[in-house]
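Coordinates in review
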Amino acid sequence: MDIINSQIDKYLTAWHGGPQLISGDRLQKLAIELMNYENGIQAGVGGTLAAAYPLKARYSIVNFVNNESDSVLLPFAIPGSIINVANITAKGITVYAQAENPHNGGLPDSIFPIASSTGVPSSGQSPFVSNIYYCIVKGQWVLFF
Amino acid sequence: MSQPITETLLDQYLPEWNGAPKLITGQLLGNMVSAEISVESDFAVTPDGSHQATQALTQITGGNPGDSFLLPLAIPGTQINVYITTLATFVANCQPSNPNNGGLPDIIWPLLATIPSTSSDVNGAIIQSFYCPKIGVWFTNF
């Protein structure tokens, strides 16, 4: 429950107790966190971490991939975060985790592929596949397809 | 498309969320957020299956292969995502009686199943999602 409260407090510290005024701005931020989307993404050319397109929305569609394994970058792995990435192109992409997460002591984030209990800094995503990345533990993305 | 669906989901829990600006119940709003982004990272399954997974994102770190846990009451709109950190296989059991459904037992439809069951295997090192689109009924992606 501490983590849950922490998540809520990040957005709406007034969200406790009985009827009260709340910040519309913060409520909007929550709505964005849960529902925002980005279409028309082009994966970063070259396939490197440095070139990776930074994903920002809960729902992202990668529409353009110039070369096989061009890359995108997940946001910071913060518990409760869910990122949906649809690759609707005929080429695979590389999905990177952040190299340094300030919310986790500056340690690198990692991705846990399906059926693997070992985290890796990046993971491939096949053509015409939609993956979901869940964060339950700070710094760790768990891949779902 | 998302706006009417969202309003329907919210309205069934928070009828005061309609119309002009007004005071709302912070606690209920917090509960709504909890249903969306709550996490439990040190969940343990047990031989008797008595521990109930209640958080939107649940990571199982303890237990022995074949141990089990309990899904919450199957209420439409609920989704529970479970991740096992090892390669062990555990069992998710449905509630034996759902007071929101006349006391009937909840059931689950595993992937490709032709008949429902009251339990489902949960494989290791994957996210398994349990979602309820109908009262008393869980579906799962594996």
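All values derive from a computational prediction rather than experimental measurement.

1. As for the overall build of chain A
Helix and strand counts for chain A stand at two helices and eleven strands. Going from the N terminus to the C terminus, chain A shows its helices and strands as α-β-α-β-β-β-β-β-β-β-β-β-β. Partitioning the intrachain contacts of chain A with sequence separation of at least 6 by distance along the chain shows that 51% fall at a separation of at least 24.

2. Describing the overall build of chain B
On a plain count of helices and strands, chain B comes out with two helices and ten strands. Secondary structure elements in chain B, listed N-terminal to C-terminal, are α-β-α-β-β-β-β-β-β-β-β-β. At a minimum sequence separation of 6, the contacts of chain B that also span at least 24 residues come to 46%.

3. Remarks on the confidence of the model for chain A
Segments scoring low in pLDDT should not have their predicted coordinates read at a detailed level. Confidence along chain A averages 86 in pLDDT terms, with 83% of residues attaining 70 or more. Every residue in residues 1-5 of chain A is under pLDDT 50, and counting partners more than four places away or in other chains gives four contacts.

4. Focus on the sheet that holds strand S4 (residues 68-70) of chain B
Residue and element names in this part refer to chain B. Spatially, three strands are ordered S4-S6-S8 in an open sheet, and the strand pairing comes out mixed. Strands at the two margins of the open sheet, each flanked by one partner only, are S4 and strand S8 (119-122). The mean angle between the axes of side-by-side strands here comes to 25°, regardless of whether they run parallel or antiparallel. Strand direction decides the pairing type here: S4 and strand S6 (residues 90-93), joined by three bridges, are parallel. Residue pairing for S6: Phe69 is matched across the bridge by Ala92.

5. Concerning the interface of chain B and chain A
Across the boundary between the two partners, chain B contributes 25 residues, which contact 27 residues of chain A. Listed by contribution, the elements that provide at least two residues to the side of chain B that touches chain A are strand S1 (24-25), helix H2 (26-37), strand S2 (39-44), strand S3 (57-62) and strand S5 (79-84) of chain B. The biggest single contributor to the side of chain B that touches chain A is H2 of chain B, with eight residues. Of the residues contributing to the side of chain B that touches chain A, the split by class is twelve nonpolar, twelve polar and one charged.

6. Overview of the sheet that holds strand S11 (residues 140-144) of chain A
Residues and elements named next belong to chain A. Across the sheet, six strands lie side by side as S2-S4-S6-S10-S11-S8; this open sheet has mixed pairing. Looking at the sheet topology across the chains shown, the edges are occupied by strand S2 (37-42) and strand S8 (110-112). When strand polarity is set aside, the average angle formed by the axes of neighbouring strands in this sheet is 25°. Where strand S4 (residues 59-64) meets strand S6 (residues 82-87), four bridges bridge the pair, whose relative direction is parallel. The partner of Tyr59 across the bridge, within S6, is Asn84.

7. Things to note about unusual backbone geometry
Not every positive phi belongs to a glycine, and Ser69 of chain A is a case in point at roughly 75°. Inspection of the secondary structure assignment puts Ser69 of chain A in the loop between S4 and strand S5 (70-73). A residue is classified by how many C-beta atoms lie within 10 Å of it, and Ser69 of chain A, with 16 of them, is partly exposed. Unusually for a residue other than glycine, Ala125 of chain B sits at a positive phi of about 60°. In this structure, Ala125 of chain B sits in the loop between S8 and strand S9 (127-134).

8. Structural notes on the pairing of S6 of chain B
All names here are of chain B. Burial of S6 is one-sided: the residues Phe90 and Ala92 facing one way are buried, the residues Val91 and Asn93 facing the other way are not. In the sheet, S6 pairs with S8 via four bridges, with the strands oriented antiparallel. The residue of S8 that forms the bridge with Phe90 is Val122.

9. Concerning the pairing of strand S10 (residues 137-140) of chain B
All names here are of chain B. Of the two faces of S10, the one lined by Trp138 and Thr140 is fully buried and the one lined by Val137 and Phe139 carries no buried residue. Here three bridges tie strand S7 (residues 107-109) to S10, and the two strands are oriented parallel to one another. Counted as the bridge partner of Trp109 is Phe139 from S10. The pairing of S9 with S10 spans three bridges and is antiparallel. Bridge pairing in S10 places Phe130 opposite Thr140.

Analysis parameters
- Residues numbered from 1 in each chain as written.
- Chains lettered and ligands numbered in written order.
- Predicted model: local features only at pLDDT ≥ 70, side-chain atom pairs only at ≥ 80, totals over all residues.
- Helix = DSSP H or I, 4+ residues; strand = E, 2+ residues; numbered from the N terminus.
- Contact = placed C-beta atoms within 7 Å.
- pLDDT = per-residue confidence, 0-100.
- Pairing = 2+ DSSP bridges.
- Axes fitted to C-alpha atoms, helices over the stretch in contact; angles between N-to-C directions.
- Nonpolar A, V, L, I, M, F, W, Y, C, P; charged D, E, K, R; others polar.
- Buried ≥ 20, exposed ≤ 12 C-beta atoms within 10 Å, placed from the backbone.

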